[in-house]
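# Coordinate analysis (summary)
Residue-level listing of the chains:
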Amino acid sequence: MGSDTILEAVDITVRFGGVVALDAVSFRVATGAIHAIIGPNGAGKSTCFNAMTGVSPIASGQVRLDGERLDRLPGRRIVARGVARTFQNVVLPESLTVADALRVGRHHRTRAGLLATALGLPSARSERRADDAMVRDLAQLLGLADRLDDPASSLPLGLRKKAEIARALCAEPRLLLLDEPVAGLNDAESQELGDKIRECRERFGLTVLLVEHDMELVMRVSDHVTVLQSGCVIADDRPEGVQRDPAVISAYLGA
Ligand code: ADP
Ligand code: MG
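To keep things clear, this report deals only with the structure shown in the data block. Per-chain numbering applies: the sequence of each chain, read as written, is numbered from 1 onward. Chains carry letters and ligands carry numbers; both start at the beginning, A for chains and 1 for ligands, and go up in the order they are written. For this predicted model, a pLDDT threshold of at least 70 governs which residues receive local features, and a threshold of 80 or more governs which side-chain atom pairs are given and counted, while totals over whole chains, interfaces and linings are taken from all residues.

## Some points on the pairing of strand β8 (residues 207–211)
Extensive coverage of β8 is indicated by the burial of five of its five residues. Residues are called buried when their C-beta atom has 20 or more other C-beta atoms within 10 Å, exposed when it has 12 or fewer, and partly exposed otherwise; all C-beta atoms are positioned from the backbone. In this description a helix means any DSSP run of H or I spanning at least four residues, a strand means any run of E spanning at least two, and both kinds are numbered starting from the N terminus. Residue alternation in β8 divides its side chains into two sets, Thr 207, Leu 209 and Val 211 and Val 208 and Leu 210, and both sets are buried. Only when DSSP finds a minimum of two bridges between them are two strands counted as paired. As judged from the four bridges shared by strand β3 (residues 34–38) and β8, these two strands associate in the parallel manner. Bridge assignment links His 35 to a residue of β8, and that residue is Leu 209. A crossover connection joins strand β7 (residues 175–179) to the parallel β8 through helix α7 (residues 187–204); in handedness this β-α-β unit is right-handed. With the strands aimed away from the viewer, a crossover counts as right-handed if its path from the first strand over the helix to the second runs clockwise.

## Here we look at the site of ligand 1
Any residue whose C-beta atom, as set from the backbone, lies within 6 Å of a molecule or strand is reported as near that molecule or strand. Around ligand 1 lies a shell formed by Phe 16, Val 19, Ala 21, Gly 39, Asn 41, Gly 42, Ala 43, Gly 44, Lys 45, Ser 46 and Thr 47. Those elements giving two or more residues to the shell around ligand 1 turn out to be β2 (19–30) and α1 (45–52). In terms of residues, the shell around ligand 1 owes the most to one element, α1, which gives three residues. Classification convention: Asp, Glu, Lys, Arg as charged; Ala, Val, Leu, Ile, Met, Phe, Trp, Tyr, Cys, Pro as nonpolar; all other residues, Gly among them, as polar. For the shell around ligand 1, the class distribution of residues is four nonpolar, six polar and one charged.

## Thoughts on the nonpolar core
By convention in this section, buried Ala, Val, Leu, Ile, Met, Phe, Trp, Tyr and Cys residues joined through C-beta atoms within 7 Å make up a nonpolar core. In this structure, Leu 102, Leu 138, Ala 163, Ala 166 and Val 227 are the most contacted members of the largest nonpolar core, which totals 71 residues. A pair of residues counts as a contact when their C-beta atoms, built from backbone coordinates, are separated by no more than 7 Å. Not counting the four nearest positions on each side in its chain, Ala 166 is found in contact with Leu 102, Leu 138, Ala 139, Leu 142 and Leu 144.

## Some remarks on the sheet that holds strand β10 (residues 232–237)
With mixed pairing, six strands are arranged side by side in an open sheet as β6-β7-β8-β3-β9-β10. Because the sheet does not close on itself, it has two edges, and the strands there are β6 (83–85) and β10. In this sheet, adjacent strand axes meet at a mean angle of 20° when their direction is disregarded. Bridge count between β3 and strand β9 (residues 224–229): four bridges; the pairing is parallel. By the bridge assignment, Ile 38 is partnered in β9 with Val 227. The sheet contacts of helix α10 (residues 246–253) involve β9 and β10, and relative to β10 the element is tilted by about 130°. Axes here mean lines fitted to C-alpha atoms, for a helix over just the part in contact, with angles spanning 0 to 180 degrees between N-to-C directions.

The following block contains the structure:
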């Protein structure tokens with residue numbers, strides 16, 4: 001595997017009882033790319049994310065990050081390797097403030113530990129300051145700076161989607177997985193969030209794997225697109241190539 005590949009799925013199969021959600025799916029994600037995974041409902045896109053983040057065990061195949069296997073690691077170890085994700089249905093903890101919800105993204109990085117925090121030791125205090133600075137920076141970047149003290153549950157959908165991305169970025173990932181980041185947003189909000197995703201990629205040197213139904217967004221922001229249908233890869237190409245691929249056209253027209 002070349003050093004230009006950050007993530008590789010090799011023949012991954014995921015079953016739920018008799019349902020084969022992913023059937024020997026293989027693709028590569030280039031370092032620094034925005035790589036979209038598209039396909040009709042039920043194609044296996046979210047399952048693919050779940051297989052890569054330790055949420056759904058795979059029956060066979062491998063997931064490799066920088067050549068090292070991720071597929072047998074628990075989710076928290078995958079986060080520690082530099083992979084963060086958002087979920088299709090926003091899961092910000094409702095009872096927290098926006099700032100606390102973002103801070104949740106840093107938990108795995110906290111070295112001082114609960115005891116040091118409880119005792120107010122200097123190591124815990126300096127970590128807390130670093131966490132606060134990062135939360136403020138990301139809130140600023142994503143337009144949440146004046147909402148940090150509000151309850152997370154009070155945010156309108158557009159801001160909740162941004163807060164969910166900010167929470168994932170708080171983990172300082174190298175690879176960010178976004179599951180339908182613009183679902184439910186209007187055209188202007190989608191366009192703005194697409195620009196933010198690109199800006200985050202540049203700013204943090206991220207690789208982004210994106211599941212999205214909004215084709216306009218996919219074609220505008222992606223460098224590469226993998227198309228799934230019924231758990232199989234039916235196309236894997238640059239956006240221009242995918243757009244005119246007959247198998248993709250027929251999958252979307254239901255032909
Ligand atoms: P997509 O995100 O592309 O819409 P999913 O990955 O959610 O598709 O689902 C792929 C297939 O796997 C579908 O047939 C779906 O019903 C099935 N599936 C997904 N998650 C589960 C689960 N937890 N239990 C049973 N079947 C599931
Ligand atoms: Mg899905």
